[in-house]
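Here is what each chain is made of, one letter per residue.
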Amino acid sequence: MNDLDQLVAQATADFAAAHTPAALEDAKARLLGKAGRVTELLKGLAGATPDEKKTRGAAINQAKQRIEAALTARRQALADAELEAQLKAEALDVTLPGRQRGNGGLHPVSLTIERIESIFASMGFDVAEGPEIETDWMSFTALNNPENHPARSMQDTFYVDLQDEGGRWYNLRPHTSPMQLRYARAHSAKYAAQIARGEPIPEIRVIAPGRTYRIDSDATHTPMFHQCEGVWMGENVSFKDLKVVFTDFCRRFFETDALTLRFRPSFFPFTEPSAEIDIAFAEGPLKGKWLEVAGSGQVHPNVVRNYGLDPERHIGFAFGMGPDRLAMLRYGVNDLRLFFENDLRFLQQFR
Ligand code: PHE
């Protein structure tokens, strides 16, 4: 092996020992760079005879070409290895299950409220919403509650630590009944104008679902719960109409005609007479049991006055039901607290 073969062998070994592109370029510089060994060899020909230049020069150039070929091959090998490593690092296992976004769904109580809204809307009821922080007047006084009524007590009602310039105290509404007043008062001027023009007594037909609050906590009571108020007032809307509307509602809500309604005499300051509405199923797991679903009654004249209307002209009923309770009955849930613990194992069943 002559010196040039040796040089080529050495170069090939140097290149093979370079494991990064930078190390490879260093090795190249040591051989082919300005002061590299091949360059030095070529410079060394300066003083040679023309014949020597020819043979030796050709041999050096041939060696140089072999070195360049080895360099190119090594560069390619390094690039291939890098690509391979990169592909390996980014490897996709197409058999892995994808990362799912998780499908959301409505809460069972929201589903229930939507159901209530659509059934009452189909019977011509408007749907209204109102504030959860109420004045004493809206929650109690205007609804004909005497000053010392127990419902006002700190044991039953959450008070907000806030008093406005008028010295009024606020509470977290303990029922949706203030919405009777808010809705009627928002429309009473329009009704008065219609009556003044000699038009028939305009009807109020509205439901108002929403959150309500009481100091109460066990398997069937939570401090936050839901109610849905309903009002139907007109020239002479009676208990009979309430029975028709509510029976129709219950049959559609529970998707069965095998269901009866019962009015059980009761008391609310804002209605007279007043009744609890019970229902009983004629079949199914709850067969034959009377279940309380709403409070109701003919709106008290004092309250109609606070609506801004004339109790001699506007006559009708109001009711207040519990969507949470309706959801429990419809879905067969036995503990109200399950609705508000946000346990996905429970909630996902309603998707
Ligand atoms: N507000 C009453 C309650 O919370 C329910 C009710 C509403 C009763 C309307 C009669 C009329 O218990």
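Residues numbered from 1 in each chain as written. Predicted model: local features only at pLDDT ≥ 70, side-chain atom pairs only at ≥ 80, totals over all residues. Heavy atoms only, no water.

Some details on the overall build of the protein
Check the secondary structure of the protein and you find 11 helices and 10 strands. What you see for the protein is a C-alpha radius of gyration of 44 Å, clearly larger than the 20 Å of a compact globule of 351 residues, by over 25%. Burial status across the protein gives 40% buried among its 351 residues. Summing over all exposed atoms, the protein offers an accessible surface of approximately 20000 Å²; the carbon and sulfur share of this is 52%. (Helix = DSSP H or I, 4+ residues; strand = E, 2+ residues; numbered from the N terminus. Rg over C-alpha atoms; globule rule 2.2 N^0.38 Å. Buried < 20%, exposed > 50% of the residue type's maximum accessible area, 1.4 Å probe, protein only. Areas by Shrake-Rupley, 256 points an atom, 1.4 Å probe, with all protein chains shown as cover.)

Observations concerning the site of the ligand
Around the ligand lies a shell of 14 residues, among which H175, S177, R214, Q227 and E229 are the nearest. Here a nitrogen atom of the ligand sits 3.0 Å away from a polar atom, N or O, in the side chain of H175. In this structure, an oxygen atom belonging to the ligand sits 2.9 Å away from a side-chain N or O atom of Q227. Considered on its own, the ligand offers 320 Å² of accessible surface; in the complex 90% of this is hidden by protein. Residue assignment for the shell around the ligand shows that the elements contributing at least two residues are β6 (224-234), β9 (291-299) and β10 (315-321). Among the elements that take part in the shell around the ligand, β10 stands out by supplying three residues, more than any other. Grouping the constituent residues of the shell around the ligand by class yields four nonpolar, eight polar and two charged. (Near = heavy atom within 4 Å. Polar contact = N/O pair within 3.5 Å; in protein donor to acceptor, adjacent residues only side chain to side chain. Nonpolar A, V, L, I, M, F, W, Y, C, P; charged D, E, K, R; others polar.)

Topic: the nonpolar core
I116, F120, F246, F249, F254, I279 and M321 are the most contacted members of the largest nonpolar core, which totals 29 residues. Listed by contribution, the elements that provide at least two residues to this core are α5 (108-122), β6, α8 (239-253), β7 (259-268), β8 (271-281), β9, β10 and α10 (323-331). With six residues, the single largest contributor to this core is α8. Apart from residues lying up to four places away in sequence, M321 is in contact with I116, F120, H226, Q227, C228, F246, F249, V293, A294 and L326. (Core = buried A, V, L, I, M, F, W, Y, C linked by side-chain atoms within 4.5 Å. Contact = heavy atoms within 4.5 Å.)

Observations concerning α10
Taken as a whole, α10 has its buried residues at P323, D324, L326, A327, M328 and L329. The elements touched by buried residues of α10 are α5, β6, α8, β9 and β10. Positive phi appears at G332, one or two residues downstream of α10, with a value of about 70°.

Some points on the side chain of D324
If you trace the backbone, D324 turns up in helix α10. One buried charged side chain, D324, makes no salt bridge at all; its nearest oppositely charged neighbour is R325, positioned 9.0 Å away. A polar atom in the side chain of D324 sits 2.7 Å from the backbone nitrogen of H226. Setting aside its immediate chain neighbours within four residues, D324 contacts V109, F225, H226, L336, F339 and F340. (Lys, Arg positive; Asp, Glu negative; His and termini not counted. Salt bridge = Lys/Arg side-chain N within 4 Å of Asp/Glu carboxyl O.)

Focus: the domain arrangement of the protein
According to the domain assignment, the protein contains domain 1 (3-89) and domain 2 (108-350). For domain 1 versus domain 2, the distance between C-alpha centres works out to 92 Å. (Domains from an automatic or database assignment.)

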